[in-house]
Amino acid sequence: MWVYEKKLQFPINIKNKDLRMAKYLVTQYGGSNGELAAALRYLNQRYTMPDNRGKALLTDIGTEELAHIEMISTMIYQLTKDATLEELKEAGLDTHYTEHNKALYPTDSNGMPFTVTYFATTGDPLADLAEDMAAEQKARAVYENLIDLTNDPDVINPLLWLRQREIVHYNRFKELFEYYEKILNKKS
Amino acid sequence: MYNYNNFVNNYRQNNLDYMNNMFDYSELNNNQNMNLFTPKEGFEKGNLFMDLYSEYKNYKPRKLNPRNDQERLMLEINENLFAAHELNLYLDINPNDNSMLALFNDYRKKAEDLKKQYEQLYGPLCITSDVLNNSPFLWEKTSFPWEGGNN
């Protein structure tokens, strides 16, 4: 089970509204390389890992991804909360407003709703972990694109921090992949 | 009374039998000299492991400047929780690294102590907190993190 901690993993205090940035940023919530896909990917794959190392790592990284969903959601909320309808229209968020008003909703930056087809489970630890390594690299690349799209240090700093988490997770998955590869394929 | 030592001994024996039958449990990171940032530096960067850290272009993480005592204490909690979490992920796949386990426990205990102090002063972080003995129900009274609460 999970227990909620009433705090963010890393502080976020965005002072200036920026609707364009919110529109781009939402992809790290509900896009193909976003945090929701990451959490669901690892938390579904963990059951069929061959030993407790895999089960532990996927549980703990999957749990951290839930905290990242909260960080991205907080950023989107703070970037949009003071927007007028005119400003939403100007930024192209009127189409979001139609269905959701200012509520959070997991989509990519083009408004495509989240789908579980963004991740796979195969029951094969090497296949699953290879996907996980790729997912972390793709999420890192998206964070870099997002950093390129803003000048606001209140936004850049948490994005740099989240980018770094992708690098750490990638390396942990890689270590586990290499360990299973050695055992399962009896490589010397 | 619950005998914890029996649990640990049985667990160890069962698990060792299981492990010996299944896998070669040699350590991947044996003899690897791990260079760690301090919890403060690691938290600012989002990475406790010097060897894994790589910057994007010329961007540097901003120094975190707490604006008051509450933010200062929360920052210290976050730094220690983060360091413990980084070592948690490492220990998941290197469970026999005793020096990292000792360090994990240092940060974990520090974070737990600081959280208790914080909750006494500023309200509950978790629904298991003892400060919830007070009336009214403090879980509902303190701000949520997206509104700037406990940040």
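Up top you'll find the structure we're talking about.
Residues numbered from 1 in each chain as written. Chains lettered and ligands numbered in written order. Predicted model: local features only at pLDDT ≥ 70, side-chain atom pairs only at ≥ 80, totals over all residues. Heavy atoms only, no water.

> When you look at the interface of chain A and chain B in this model, what are you seeing that I'm missing?
Many authors give the size of an interface as the accessible area that is lost as the parts come together. In this complex, chain A contributes 46 residues to the contact, which on the side of chain B involves 54 residues. With both chains or domains summed, chain A and chain B bury close to 4500 Å², and 55% of this area falls on carbon and sulfur atoms. Broken down residue by residue, the surface that chain A buries against chain B is led by Lys 6, Arg 53 and Arg 172 of chain A, which jointly contribute 19%. Joining chain A to chain B, the criterion identifies 4 salt bridges. (Contact = heavy atoms within 4.5 Å. Buried area = accessible area lost by both parts, 1.4 Å probe. Salt bridge = Lys/Arg side-chain N within 4 Å of Asp/Glu carboxyl O.)

> Explanation requested: the packing of aromatic side chains in the structure shown.
Remark: the centre distance and the inter-plane angle together describe each pair of aromatic rings, the angle taken between the planes. By the definition in use, this model includes 14 aromatic pairs over all chains. Ring centres of Phe 43 of chain B and Phe 82 of chain B lie 5.8 Å apart, and the angle between their planes is 65°; on these two criteria the pair is classed as edge-to-face. Within this pair, whereas Phe 43 of chain B is found in helix H2 (residues 39-45), its partner Phe 82 of chain B is found in helix H3 (residues 69-93), the two being separated by 39 residues in sequence. Its relative accessible area of 0% is what places Phe 43 of chain B among the buried residues. Within the aromatic cluster, the residues linked to one another by ring pairs are Phe 10 and Trp 161 of chain A together with Phe 43 and Phe 82 of chain B. Between the NZ or CZ atom of Lys 6 of chain A and the centre of the ring of Trp 139 of chain B, over which it lies, the distance is 5.3 Å. Cation over ring: Arg 172 of chain A sits above Phe 49 of chain B, and NZ or CZ is 4.5 Å from the ring centre. (Phe/Tyr/Trp six-rings, centres within 6.5 Å; stacked < 30°, edge-to-face > 60°. Helix = DSSP H or I, 4+ residues; strand = E, 2+ residues; numbered from the N terminus. Buried < 20%, exposed > 50% of the residue type's maximum accessible area, 1.4 Å probe, protein only. Lys NZ or Arg CZ within 6 Å of the ring centre and 35° of its normal.)

> I keep staring at the pattern of salt bridges and nothing clicks. Help me out?
Pairs can form between side chains of opposite charge once their charged atoms are near each other. All names here are of chain A. Inspection of the entire model under this criterion finds 21 salt bridges over all chains. Here Glu 144 ties to Arg 163 by a salt bridge, and the two come within 2.7 Å at their closest N and O atoms. One end of the pair, Glu 144, is in helix H7 (residues 125-148); the other, Arg 163, is in helix H8 (residues 153-184), with 19 residues separating them in the sequence. A relative accessible area of 5% places Arg 163 in the buried class.

> Teacher, can you tell me more about H8 of chain A here?
Each full turn of the α-helix corresponds to 3.6 residues, which orients residues three or four apart in the same direction. Residues and elements named next belong to chain A. For H8, with 32 residues, the first-to-last C-alpha span of 46 Å sits near the 46 Å given by 1.5 Å per residue. When you tally the buried positions in H8, you get 26 out of 32 residues, the bulk of the element. One side-chain oxygen of the residue at the start of H8 lies 2.8 Å from the amide nitrogen of Asp 154, identifying that residue as Asp 152. (Expected span 1.5 Å × (residues − 1). Polar contact = N/O pair within 3.5 Å; in protein donor to acceptor, adjacent residues only side chain to side chain.)

> Before we go on, may I ask you to explain the packing of H8 of chain A against H3 of chain B in this structure?
In a pair of packed helices, the angle between the axes and the distance between the axes together describe the arrangement. At a minimum axis separation of 9 Å, H8 of chain A and H3 of chain B run at an interaxial angle of 20°. With respect to H3 of chain B, the axis of H8 of chain A lies roughly parallel. Along this stretch, H8 of chain A crosses H3 of chain B, giving a crossing that reads as right-handed. Every residue of H3 of chain B that contacts H8 of chain A at Trp 161, Arg 165, Val 168, His 169, Arg 172, Glu 175 and Leu 176 of chain A is listed here: Phe 82, His 85, Glu 86, Leu 89, Tyr 90 and Ile 93 of chain B. Of the residues belonging to the contact of H8 of chain A with H3 of chain B, the class tally is 7 nonpolar, 2 polar and 4 charged. (Axes fitted to C-alpha atoms, helices over the stretch in contact; angles between N-to-C directions. Parallel < 35°, antiparallel > 145°, perpendicular 65-115°, else oblique. Left-handed = near helix turned anticlockwise from the far one by under 90°. Nonpolar A, V, L, I, M, F, W, Y, C, P; charged D, E, K, R; others polar.)

> Sorry, what's going on with a nonpolar patch on the surface here?
On the surface, Met 1 and Val 3 of chain A together with Ile 127 and Phe 137 of chain B cluster together to form a nonpolar patch covering roughly 480 Å² of accessible area. As for its position among the elements, Val 3 of chain A is in the segment before helix H1 (19-25). By relative accessible area, which is 49% here, Val 3 of chain A ends up partly exposed. (Patch = residues over 30% accessible without salt bridge, like charges linked within 9 Å, V, L, I, M, F, W, Y side chains within 5 Å. Areas by Shrake-Rupley, 256 points an atom, 1.4 Å probe, with all protein chains shown as cover.)

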